[in-house]
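Chain and residue survey
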Amino acid sequence: MLRPKTEDQLAEIIRGANRPLSVRGGGTRHQPGLGEPLTTEGLTGITLYEPGSLTLVARAGTPMTEIDETLAREGQRLPFEPMDHRALLGTTGTPTIGGAVAMNVSGPRRVQAGACRDSLIGVRFVDGAGTVVKNGGRVMKNVTGYDLVKLLAGSRGRLGVLSEVSFKVLPAAATQATLRLTGLSIPRAVEAMAAGLSSPFEVTAAAHDPQVRETWLRIEGMEGSVDYRAGRLAQVLAPFGEVERVDAAESDRIWRAVRDARAMEGEGDVWRVSVRPSRAPKIVERALADAALLDWGGGLVWLRVPLGTDLRSRLGDFDGHATRLRGTFDPPPERPAVAALTAGIRYRFDPRGLFA
């Protein structure tokens with residue numbers, strides 16, 4: 001296992017590589033590759049944290065626990081609520097901040113705060129030629145090269161190996177409350193979530209679990225504001241049935257389970273489908289899944305199906321994309337024009353194909 005401890009060591013390894021590299025962070029989301037294993041676990045530490053400027057800079061291998069604990073001490077948090085994949089994928093190891101960026105991991109709060117890439121303001125990485133590339137900045141007002149910053153988020157290590165990442169952070173909420181509806185069908189649940197998300201009461205998460213027939217909408221903020229907005233949101237949701245408010249501890253449990261897709265536990269392949277929320281009911285109907293979970297108001301559909309199921313054939317044509325997250329790695333097919341563009345970008349950053 002190649003384990004560089006500095007960015008210079010990482011660049012030297014890549015410059016001297018003569019065969020493909022299988023890049024990973026803490027190993028919690030890793031799909032084993034055919035290349036020589038290379039981990040960023042040795043690149044650790046928060047290099048800059050300025051609470052007053054809402055800015056944090058950390059090396060790619062820094063554990064998420066260190067990031068979360070450092071921010072919590074100042075009453076702050078990462079906006080995008082990154083998922084912990086270990087329970088779903090049956091992996092061990094330690095989630096890292098670089099892994100979250102490489103996968104663009106974004107949890108339930110995405111409907112309000114955006115994805116990981118929307119909070120990312122700067123990156124340092126080593127490309128396939130062994131060159132250290134810096135893009136973006138360390139403060140919110142600096143947006144130089146922002147497109148390349150966004151390009152690296154979600155690139156899964158195919159364009160280069162991240163060595164350092166910079167984030168915009170936000171104040172943590174003082175409290176939270178979740179409103180729960182029970183017994184709704186999937187179409188009716190999507191309507192309820194849409195009503196809540198389109199209301200002026202700042203819903204920060206909306207999800208539905210068809211197995212237990214529960215629909216949840218979350219509000220966060222100062223205690224008085226949360227109480228007021230929860231009461232008004234309950235009025236908006238009243239046409240959909242009896243509205244129950246759960247306390248902050250239960251709310252936290254619900255959203256951790258949604259964030260980590262705990263409803264997908266059990267034997268089978270797990271797929272992640274991005275789709276217009278209004279199309280989510282049809283996707284679940286076509287999938288004939290053993291289990292489903294709707295997040296992002298229906299914009300993200302988790303599905304668990306029997307091993308080896310060709311889900312894309314079941315779903316047919318739809319406006320969105322499906323990725324098998326657990327099971328044999330199966331990247332979504334690309335249209336010819338998109339595939340040509342992708343190949344050109346990858347060749348520009350990795351001409352020797354080290355990260356294939």
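Here, every reference points to the structure presented above.
Overview of the structure. The structure presented is a predicted model; accordingly, all values stated were derived computationally and were not measured.

Moving on to the overall build of the protein. In terms of regular secondary structure, the protein is built from 13 helices and 17 strands. What you see for the protein is a C-alpha radius of gyration of 21 Å, in line with the 21 Å of a compact globule of 356 residues. In terms of its C-alpha atoms, the protein occupies a principal-axis envelope of roughly 65 × 50 × 35 Å. A total of 356 residues make up the protein; the buried ones form 49% of that total. The contacts of the protein with a sequence gap of at least 6 include a subset with a gap of at least 24, amounting to 70%.

In this section: the pairing of strand 3 (residues 46–50). Here strand 3 runs beside strand 4 (residues 55–59); their pairing, made up of four bridges, is antiparallel. Opposite leucine 48, over in strand 4, you have valine 57 as the bridge partner.

Strand-to-strand pairing in sheets goes through backbone hydrogen bonds, with the strands running parallel or antiparallel. Taken together, five strands build an open sheet; the order of strands is 3-4-8-6-7 and the sheet is antiparallel. The outermost strands of the open sheet, each flanked by one partner alone, are strand 3 and strand 7 (132–136). Ignoring strand direction, the axes of neighbouring strands in this sheet form an average angle of 10 degrees. Pairing between strand 6 (residues 120–126) and strand 7: five bridges, direction antiparallel. When the sheet's bridge partners are listed, valine 123 is paired in strand 7 with asparagine 135. Running over the sheet, helix 2 (residues 64–73) touches strand 3 and strand 4 and is turned about 25 degrees from strand 3.

Burial in helix 11 (residues 280–287) covers these residues: Ala280, Pro281, Ile283, Val284 and Ala287. Looking straight down helix 11, one finds its buried side chains confined to an arc of 160 degrees; they lie on one side. Structurally, helix 11 contributes buried residues whose contacts are with helix 8 (186–197), strand 14 (269–275), strand 15 (291–295), strand 16 (300–305) and helix 12 (311–315). In the segment just after helix 11, leucine 288 is the residue with positive phi, at about 50 degrees.

Below, the discussion takes up the packing of aromatic side chains. Summed over all chains, the structure comprises three aromatic pairs. A ring pair is formed by tryptophan 216 and tryptophan 255, whose centres lie 6.5 Å apart and whose planes are at 75 degrees; its orientation type is edge-to-face. Residue tryptophan 216 is located in strand 12 (residues 214–221), and its partner tryptophan 255 is located in helix 10 (residues 248–259); the two are separated by 39 residues in the primary sequence. Of the two residues examined, tryptophan 216 and tryptophan 255, each falls in the buried class. Lying over the aromatic face of tryptophan 296, arginine 110 brings its terminal NZ or CZ to 4.7 Å of the ring centre. Positioned above the aromatic ring of tryptophan 255 is the side chain of arginine 218, whose terminal nitrogen or guanidinium carbon lies 5.2 Å from the ring centre.

About the cut-offs
- Residues numbered from 1 in each chain as written.
- Predicted model: local features only at pLDDT ≥ 70, side-chain atom pairs only at ≥ 80, totals over all residues.
- Heavy atoms only, no water.
- Helix = DSSP H or I, 4+ residues; strand = E, 2+ residues; numbered from the N terminus.
- Rg over C-alpha atoms; globule rule 2.2 N^0.38 Å.
- Buried < 20%, exposed > 50% of the residue type's maximum accessible area, 1.4 Å probe, protein only.
- Contact = heavy atoms within 4.5 Å.
- Pairing = 2+ DSSP bridges.
- Axes fitted to C-alpha atoms, helices over the stretch in contact; angles between N-to-C directions.
- Arc of directions from axis to C-beta.
- Phe/Tyr/Trp six-rings, centres within 6.5 Å; stacked < 30°, edge-to-face > 60°.
- Lys NZ or Arg CZ within 6 Å of the ring centre and 35° of its normal.

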